[in-house]
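Breakdown of the fold
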Amino acid sequence: MSVAQRAHALSSPMGPLGLGAAVLGAGGAGVSVAEGPDALGWNAAALASEGWALAYSTGSGGVASALHNALGLTGSLDQVGHVGLLVEDQRFGGSFRESSFAGGLAVSAGPWMRIGTLQRLLQAEPGGLRGWSMDLGAAFKVPLGGSWALRLGAAGTDLVSSLAWANGLEEAQPSVLRLGTALEMAPGTWLAVQSDRLDRQGGQGSSQWRLGVQSAWLQQRLFVRAGLTQADASALYSTAGLGGRLNLLRQAVEADYALLIPSNDAGGAGLRHLASLRWTFDLPAAAPEAGLSRVLKDKSGRVNHARIALATAPGMDTKEWQLNLKDKNGKIIKVFRGKGAMPPAVSWDGKTDDGEMASVEGVSYDLRSTEANGKVLERHALLGPASAQLGSLDTDF
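These notes cover the structure that comes with them. Computed from a prediction, not measured in an experiment: that's the story for all the values here.

1. Quick look at the side chain of Thr352
Among the structural elements, Thr352 can be located in the loop between strand 20 (345–348) and strand 21 (364–371). Given a relative accessible area of 12%, Thr352 falls into the buried group. Setting aside anything within four residues of it in sequence, one finds Thr352 in contact with Ile333, Lys334 and Ala358.

This is how it looks when you write it as structure tokens:
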């Protein structure tokens, strides 16, 4: 494959597709609607998804009879933002192979806006092509009332890049600027339009338009998609797609298929198929914790007053909680419980539920929280001094 052929394959509507079978089925108009792993191929600002998500896609056809495989992972890290990893492998014409590894980061820039970047390392054989590139993106979602929302997206792919072949020849990576908007009428149902500006080697440029629609059925278990891409004055691509979602053990599994059909004047390109499988899951959450932040005892060592600090993992949506205190024999001597978010601490007057004074020595606890999604988190431990996470013995009382 020559440099010119590679540039054509990468910048065409049938070029790199990332993990976006769902997006491709709707005309590829994904800069404003892609989320989670799909965003790794369309807009790095939209890496956020419901929990962590692992996705795989495979496809074939298109320019130079490309074969495409991709694996991606997205999720959220406390105090960092939304992160993503993408591994892609593409083969053109049966002999030219290009592989890449990318890492992305997206952060909130306000209640309705996210910005993100994707850094990509690339290599190709034969020819020993090596290099890197960078994408930037921004995503907005503005509520309009009820279930309606306006989505806006902007992304630049390969805005900065450095590529060189083993013989020293440098190559200019084609860059793409995408601008799009979508009207969301209900969860999972939207109409999107997008404009792409492609800048090829030598300063040549071209534009293309994309139009896509997705409709959700059966409480977002079935998705029907269709779209159009006008690549130039004569080349028209139509797309169609189906998707299904089901829950297995409270984890969502989604399968998507997209078919891209070129018109007779689309540069001799054939049909392109892309299928994706996506698994959304939650990382094991840290169990809630309890500890003594202050204890006042009488001369016999019995508790007059104690402050028991409580803590849950950040971002938890607690529905109800319960703290059981046990003596050294394992008998429950005191119960605290509540609805809604767990308080930072509870006060204990040292008495058991039977009205007797208790000793703090050898006391253990069971702390249980039930989250809004039904998940139950529990911790069983000795009731000792509060950790740094829970607070200070000197200042937290």
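There is more to say, and it comes next.
2. A closer look at the sheet that holds strand 19 (residues 332–339)
An order of 19-18-21-22 is seen for the four strands of this open sheet, with the pairing classed as antiparallel. Of all the strands in the sheet, the pair left with one neighbour each is strand 19 and strand 22 (376–382). Direction aside, the axes of adjacent strands within the sheet are offset by 10° on average. The pairing of strand 18 (residues 318–326) with strand 21 spans eight bridges and is antiparallel.

3. What about a nonpolar patch on the surface?
Side chains of Leu54, Tyr56, Leu71, Leu85, Val87, Phe101, Leu121, Trp132, Leu136, Leu159, Val160 and Trp279 sit close together on the surface and give an oily, nonpolar patch of about 1,100 Å² of accessible area. Contributing elements (two or more residues each) for the nonpolar patch: strand 1 (52–61), strand 3 (81–92), strand 6 (129–145) and strand 7 (148–164). Following the sequence through the fold, Trp132 ends up in strand 6. Exposure remark for Trp132: the relative accessible area of 37% places this residue in the partly exposed category.

4. Some points on empty space enclosed by the protein
On inspection of all chains with the given rule, the structure shows two cavities of 30 Å³ or more. Together, Leu19, Ala22, Asp38, Ala55, Asp256, Ser276 and Arg278 line the second largest cavity. Residue composition of the lining of the second largest cavity, grouped by class: three nonpolar, one polar and three charged.

5. As for the layout of surface pockets
One number sums up the size of the second largest pocket: a volume of about 270 Å³. In terms of lining residues, the second largest pocket is bounded by 15 residues, among which Asp327, Ile333, Thr352, Ala358 and Ser359 are the most central. Of the residues contributing to the lining of the second largest pocket, the split by class is five nonpolar, three polar and seven charged.

Quick notes on the rules
- Residues numbered from 1 in each chain as written.
- Predicted model: local features only at pLDDT ≥ 70, side-chain atom pairs only at ≥ 80, totals over all residues.
- Heavy atoms only, no water.
- Helix = DSSP H or I, 4+ residues; strand = E, 2+ residues; numbered from the N terminus.
- Buried < 20%, exposed > 50% of the residue type's maximum accessible area, 1.4 Å probe, protein only.
- Contact = heavy atoms within 4.5 Å.
- Pairing = 2+ DSSP bridges.
- Axes fitted to C-alpha atoms, helices over the stretch in contact; angles between N-to-C directions.
- Patch = residues over 30% accessible without salt bridge, like charges linked within 9 Å, V, L, I, M, F, W, Y side chains within 5 Å.
- Areas by Shrake-Rupley, 256 points an atom, 1.4 Å probe, with all protein chains shown as cover.
- Salt bridge = Lys/Arg side-chain N within 4 Å of Asp/Glu carboxyl O.
- 1 Å grid on protein atoms, 1.4 Å probe; cavity = no way out; pocket = protein on both sides within 12 Å on 5 of 7 lines; lining within 4 Å.
- Points joined across faces, edges and corners; volume = space filled by probe spheres on them.
- Nonpolar A, V, L, I, M, F, W, Y, C, P; charged D, E, K, R; others polar.

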